[in-house]
Amino acid sequence: MPSRRLPNTVPAVIRLLLTARDKRLATPAAADRAISDAQFAQLDPAIPTSLLNRILKEATDVDLALAAQAPLTTALNQTGARCTMFASHFHQVLDLGITRGEFAAGARAYYGRGIHDTTLPDLSTYAAVQTAIDAIVRGEANRFKEEGPAYIAMSHPTAAECAGLLSIFRSQLLASEQSRQNTDTQREELQALYPEAQALAVDLCDTVEFFYRHDLNPGSRRTKCRRWGVIYLYEPTEPRDEGDTTGPGTGGVAPTPTPTPPV
């Protein structure tokens, strides 16, 4: 027999509340209304402070926050990847220049590496990339001061190019973090309303099923309840109720098992 499924997610709760609201609005005869006036007051679109209006607002705020966050995250990821590439290329070019004798063997020390360390700096996180580029910018300035006339500027990329890119990256990182914090805030405000909304959804399911309790045909009773948002689940091979297109049921009479041939 199909079993009732209580809503246990924000989308499922909102979907049930909306269905119950719309069904109530479309039911002019009071005797046909399966939910009470007190319950409808929590769904009434004309009451700004109704529970449904409040949770719809919070859900919309989450959607808007995510929409604003998405392009910032994309831009940050792109710039972060470029920063990683610039830092990697800088040190690779430096190592090649040391191998060719264009830079002193100890030049790596200016950039936070061991003199004989041919391993690239850690670039596995945004924090590590920022540290590496900071070291590039400071190191290039210090090498300029120390080497004097023998100084040969690094290029492809230059330290100035790395610094400019890092400035953009930091601005994007700040904007992205602020956007994520706003999204978290909106989600928390939505979740704060969820227990009350979920309790109302369960109460509506109970009320609707009680209202139709005198319909002794289980399929007919479930069909009436579905119109108010109640959800029922079928077993995989269980036939659906007439007119119902939901669930993984067979949609008809359960198949007859194939007899096992005698051994």
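Our subject is the structure that appears above.
Residues numbered from 1 in each chain as written. Predicted model: local features only at pLDDT ≥ 70, side-chain atom pairs only at ≥ 80, totals over all residues. Heavy atoms only, no water.

### Observations concerning the packing of aromatic side chains
For any pair of aromatic rings, the description consists of the separation of the ring centres together with the inter-plane angle of the planes.
Move 1: This model, assessed by the stated rule, comprises four aromatic pairs.
Move 2: Seen in terms of ring centroids, phenylalanine 90 and tyrosine 111 are 5.2 Å apart; in terms of plane orientation they differ by 70°. Their pairing is edge-to-face. In this pair, phenylalanine 90 is assigned in helix H3 (residues 51-100) and tyrosine 111 in the loop between H3 and helix H4 (126-147), connecting sequence segments 21 residues apart. Tyrosine 111 matches phenylalanine 90 in its accessibility class, with the two residues each being buried. (Phe/Tyr/Trp six-rings, centres within 6.5 Å; stacked < 30°, edge-to-face > 60°. Helix = DSSP H or I, 4+ residues; strand = E, 2+ residues; numbered from the N terminus. Buried < 20%, exposed > 50% of the residue type's maximum accessible area, 1.4 Å probe, protein only.)

### Quick notes on the pattern of salt bridges
Move 1: Within this structure, the stated rule accounts for 17 salt bridges.
Move 2: Here arginine 108 and aspartate 95 are joined by a salt bridge, their closest N and O atoms 2.9 Å apart. With arginine 108 in the loop between H3 and H4 and aspartate 95 in helix H3, the pair connects residues that are 13 residues apart, well separated along the chain. Neither arginine 108 nor aspartate 95 differs from the other in exposure class; each is buried. (Salt bridge = Lys/Arg side-chain N within 4 Å of Asp/Glu carboxyl O.)

### Comments concerning the environment of proline 149
Move 1: You can see proline 149 is positioned in the loop between H4 and helix H5 (159-211).
Move 2: You can call proline 149 exposed: its relative accessible area is 88%.
Move 3: Expressed as a C-alpha distance, the spacing of proline 149 and threonine 118, which sit 31 residues apart in the sequence, is 26 Å.

### What to know about the packing of H4 against H5
Move 1: Close contact between H4 and H5 brings their axes to 9 Å; oriented N to C, the two are set at 145°. For H4 against H5, the interelement crossing comes out left-handed. Along the contact surface, H4 presents Tyr126, Gln130, Ile133, Asp134, Ile136, Val137 and Glu140, while H5 presents Ala159, Cys162, Ala163, Leu166, Phe169, Arg170 and Leu173.
Move 2: Tallied by class, residues from the contact of H4 with H5 come to 10 nonpolar, one polar and three charged. (Axes fitted to C-alpha atoms, helices over the stretch in contact; angles between N-to-C directions. Left-handed = near helix turned anticlockwise from the far one by under 90°. Contact = heavy atoms within 4.5 Å. Nonpolar A, V, L, I, M, F, W, Y, C, P; charged D, E, K, R; others polar.)

### As for unusual backbone geometry
Move 1: Cis rather than trans, the peptide bond between histidine 156 and proline 157 has omega equal to 5°.
Move 2: By secondary structure assignment, the location of proline 157 is in the loop between H4 and H5.
Move 3: Phi angles above zero are rare outside glycine, and histidine 156 is one such case at about 55°.
Move 4: By secondary structure assignment, the location of histidine 156 is in the loop between H4 and H5.

### Describing helix H1 (residues 10-25)
Move 1: Taking 1.5 Å of rise per residue, the 16 residues of H1 would be expected to cover 22 Å, and the 22 Å separating its terminal C-alpha atoms lies within 8% of that figure.
Move 2: Taken residue by residue, H1 has Val10, Ala12, Val13, Ile14, Leu16, Leu17, Ala20, Arg21 and Arg24 as its buried positions.
Move 3: Close packing links the buried residues of H1 with helix H2 (37-41), H3 and H5.
Move 4: At the N-terminal boundary of H1, the capping side chain belongs to threonine 9, with an oxygen 3.2 Å from the backbone nitrogen of alanine 12. (Expected span 1.5 Å × (residues − 1). Polar contact = N/O pair within 3.5 Å; in protein donor to acceptor, adjacent residues only side chain to side chain.)

### Observations regarding H5
Move 1: Compared with an ideal rise of 1.5 Å per residue, which puts 53 residues at 78 Å, H5 spans 75 Å between its outermost C-alpha atoms and is within 8% of the ideal.
Move 2: Most pronounced at tyrosine 194, the bend in H5 amounts to some 35°, and the proline proline 195 follows within four residues. (Bend = angle between axes of the 7 residues up to and from the residue.)

### Things to note about the state of the cysteines
Move 1: On inspection of all chains with the given rule, the structure shows zero disulfides.
Move 2: Here cysteine 83 stays free of any disulfide, with the sulfur of cysteine 162 as its closest cysteine sulfur at 8.2 Å.
Move 3: Exposure remark for cysteine 162: the relative accessible area of 0% places this residue in the buried category. (Disulfide = S-S within 2.5 Å.)

Nothing here speaks to function; it is geometry throughout.
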